Structures are given as C-alpha cells and as structure tokens.
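Below are the chains, spelled out letter by letter.
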Amino acid sequence: MIACRDFRAELTANANDPKLLEHVRACDSCLDYAASFDPDIVFRAIGGGDLVPPGGVDAFVDDVMRQVRVRAAANVVSVPNRWTWRRLSAAAAIAAGVTGAALVYQHDRTIVPAAVLNPRPVAAANLTTKPVVETYESEKATIVEVPTADTGSAQVVMIFDDALPSDL
Amino acid sequence: MLFALMALVLVSGTAFADAADAGKALSVRTFQFKFKEADKAAALIKPLVSGEGSMAIQPSSNSLVVTDRADNLKAIAAALQQYDAPARNVHLSVRLVGASRVPGAPVQEPVAELKDIANELSLLRFNSFERLGEADVQGKEGEPGLIDLASGYRAEFKFGEYDPASDTIKLNDFRLLKLQNDQLVPLYKASLNLKLGRTVIVGATKPQGQRALMIVVVARR
C-alpha cells in the first residue's frame, strides 16, 4: 500500500487507480480527505461502479417507479379519508347543536302559558269589519267612507259616479 | 362514532317531531246545518280558519267538515251555532234626503227630522237639504224588500243574511230608482252592509255635481 503522502500527491478527480482505491479502503484519514472533493470515490473504492441490480438497471428503475406510483395513489386515497372524518365531526357538532336548540325550544314551549301561545280567535275579539258599500255596479265610481272616531255617530259614505244623472 | 351520529340524528328528529305535534294538534269536526246553506257558512267562517286549518263542504248532507286547532274550532262552532238560526226579522228605517249646493248661499239648518244627522251632513259640501220621504219596512233574511216614496223614488233590495262576526245585515241587489215620465229609471245598484243599530248615510252624486241623493238607513232586529 502506498504511503499517505504519495496518495494525496497522486489523487485526482474521478481517480480509478487500484493503488489509490486500495489506500482509501485502508486509511480513514485519507478517505475523509479524498471524499471532501470527490464523494464518489467511496463507492468506487468498494466496487460500487461495477454493481448491477438483479434483472438489470431498467427492471430496477421500473420497480422503483412502480413503488413511487403505488405510494402516490395511497396518499391520494388517504386524503379523502382524513376529510371525511373531519366532515363527520362537523356534522356531529351541528347535529348536537340542533338537538340542544330543539330541546331548549321544546322546554321553553312547555313552560309558556297556553293562553300566550294561542291568540284569541278573530270572532271572539269581534274585529271583523265590512265596507258599507260592498259592491257597486260601476267600476269607475269612487266610493269614500268618511272616517268617524265615534262608533255611535252616523257612518257617511259618498258615491261619486259620473254615470249618475245630474238631476238626482 | 357512526352509531353516535345516528343516535344524535334520531334524537334531533324526535325533538322536532314532538315540537311539531304540539304546535299542530289538529282536530276535525263536522257541522250540519238546519236553516242555512253550508257553502254560505263556509264563506262566513273563512276568516276564522287558521293557516293550518282547512274545510270541506258536503252538499249532499248540507254540512261542513272543518279541520283546525281545538281552540279555534270552539270559536268556529260558536259562530256557526249563532249563524244557523231560523231567518231573523229585520227592521229598516229609511229616509231619503236631497242635498244641493247653492253657490254663495248660507248653510241652511236641517229640518227637525234631520237634526240627528245634522253634524254628519255638515261635513259635506252641500248647504241645502230637503226631506224626500221616509218609510219603515220589515222583512226576514232572504226575503225581498220594497220601499216606495211619495216623492217618486223607489228602493228595491233583498234582505241578506246576518253576519255575527261583524254584526251586520246585508242588503243585496239594492237598486234605487226614480219615477220619470211614468217610468222608473234606475239610478244605481249596490249591495250594502248595515251594522245593526247604527245610522248609515249613503250619498250619491256626480263628481262635480251640485246635487246629491242621500239615503239614511238604520237596520234593527
């Protein structure tokens, strides 16, 4: 094996000299020195440049790419699962809120007196009013009910109709 | 988790169903009429039926099937019981007044027979009033009525039905006619709702006319 001083003097980039590679395998300090400017020397030293995967490089690359696609597909499938659970959680929260609100509403309804909830019928309050002149033969006529504050006084209704004779 | 969600949904549904049931609680009642027609009764109680309620007329049995809240059905039953009564007697007091506007003339004091409506007449733009006649007429719901006045005017009408909700009696097909050259000339035709016991003055005139014809009528039972 050559000396460290000779190794460092002869070392060049992409060196493939068996003497240099042998020294790298044996001397750690020179390995660190060589790797600082030529990291691939480590692999060349252990014979990595000559290694061929089983079935050839193309089969190896295909296998790697298949794995990449399978993992990408698995990630795509796993995303909706994560969102589905989030949606279910949100739905559960909404359902719980609605249930609570409904129960509170029901509770309020039961304690409110029925008389407050059920307004008096119109007939009982006697609020129904009808116009004095309900129908009139001429649609062009104007019918005016004179408002009166006192229900005991007479109700005056005037019909203004151009079709009426002037000598009424 | 899924079971918890289903349980929540079921609880929500139950709560809403209970609330809805308590709010609706509809009842059905059938009213059969002895003196009045079911379709007229339906028109009478239409304002009383709530938005949740409904009604169906059965002409073969002259009855009305009403679906509504129980408390509302009580009010409807009371109104229909009052409505389905034998034809009532109606008494009409009618006066006919001629009103004129004489430009520049002072407002005349109404004659003694019109003193009770002097305030109301003073609201109008006329300054002279003359009594054209008066008459009392009696009839029953559904019967025709006729009033002939000596001044040459005639009123024809048909007594309508009493409406307990508004306490009014209706005069259907009320026609006012005037005798001219031995012929009765129709002046106008209308239908009137008269509140019982209240004096009603119905005046008719041309829009810029100097004369008006006023019918003063009081209906009583």
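Scroll up to find the structure this text is about.
Keep in mind it's a predicted model, so treat the numbers as computed, not measured.

Trainee: It is not clear to me how the sheet that holds strand E2 (residues 54–58) of chain B should be interpreted in this structure. Could you clarify?
Mentor: Think of a sheet as strands paired side by side through backbone hydrogen bonds, with each pair either parallel or antiparallel. All names here are of chain B. The strand order E1-E3-E2 describes an open sheet built from three strands, whose pairing is antiparallel. Each edge of the open sheet carries a strand with a single partner, namely strand E1 (26–32) and E2. For this sheet, the mean inter-axis angle between neighbouring strands, taken without regard to orientation, is 15°. Where E1 meets strand E3 (residues 63–69), seven bridges bridge the pair, whose relative direction is antiparallel. In the sheet register, Phe-31 faces E3, and the bridge partner there is Leu-64. Those strands touched by helix H3 (residues 70–83) are E1 and E3, and its axis lies near 150° from that of E3.

Trainee: Help me understand the sheet that holds strand E6 (residues 144–148) of chain B, please; the structure alone is not making it clear to me.
Mentor: Strand order in this open sheet of five strands is E1(A)-E9(B)-E8(B)-E7(B)-E6(B), and the pairing throughout is antiparallel. Only two strands of the sheet have a single neighbouring strand rather than two, namely strand E1 (133–136) of chain A together with E6 of chain B. Averaged over neighbouring strand pairs, the angle between their axes works out to 20° when direction is ignored.

Trainee: Mind showing me how you'd approach unusual backbone geometry here?
Mentor: For residues other than glycine, phi is negative in most cases, and the peptide bonds are mostly trans. Residues and elements named next belong to chain B. For Asp-167, which is not a glycine, the phi torsion comes out positive at approximately 55°. Within the secondary structure, Asp-167 is located in the loop between strand E7 (153–163) and strand E8 (168–180). Taking the number of C-beta atoms within 10 Å as the measure of exposure, Asp-167 has 16 and is therefore partly exposed. Of note, Asp-173 is a non-glycine position whose phi angle comes to about 50°, a positive value.

Trainee: Whenever I open this one, the environment of Lys-34 of chain B confuses me. Can you help?
Mentor: Residue and element names in this part refer to chain B. You can see Lys-34 is positioned in the loop between E1 and helix H2 (38–45). Overall, Lys-34 belongs to the exposed group, with 8 C-beta atoms counted inside 10 Å. Each C-alpha atom, one on Lys-34 and one on Asp-84, is 6.6 Å from the other, the two residues being 50 residues apart in sequence.

Trainee: What's the story with the pairing of strand E11 (residues 211–220) of chain B in this structure? I'm lost.
Mentor: The side chains of a regular strand alternate between the sheet's two faces. Residues and elements named next belong to chain B. Within E11, seven of the 10 residues are buried, which leaves the element mostly enclosed by the surrounding structure. In this sheet, E11 lies alongside strand E4 (residues 89–100) in antiparallel orientation, the contact comprising 10 bridges. The partner of Val-97 across the bridge, within E11, is Met-214. Here strand E10 (residues 200–205) runs beside E11; their pairing, made up of six bridges, is antiparallel. Bridging across to E11, Ile-201 finds its partner in Val-216. The turn linking E10 back onto E11 is made up of five residues.

Analysis parameters
Position numbers for residues count from 1 along each chain, tracking the sequence in the order it is written. Chains carry letters and ligands carry numbers; both start at the beginning, A for chains and 1 for ligands, and go up in the order they are written. Since the coordinates come from a predicted model, pLDDT governs what is reported: local features require at least 70, and pairs of side-chain atoms require 80 or more to be given and counted, while whole-chain, interface and lining totals use all residues. By this definition, two strands are paired if DSSP reports at least two bridges between them. Runs of E in the DSSP output that reach at least two residues are strands. Runs of H or I that reach at least four are helices, and both are numbered from the N terminus. Between the N-to-C directions of two axes lies an angle of 0 to 180 degrees, each axis being a line fitted to C-alpha atoms and, for a helix, fitted only over the stretch in contact. Here the contact rule is simple: place C-beta atoms from the backbone, and any two residues whose C-beta atoms are within 7 Å are in contact. Residues with at least 20 other C-beta atoms within 10 Å of their own are called buried, those with 12 or fewer are called exposed, and the rest are partly exposed. The C-beta atoms themselves are positioned from the backbone.

None of this, on its own, says anything about what the molecule does.
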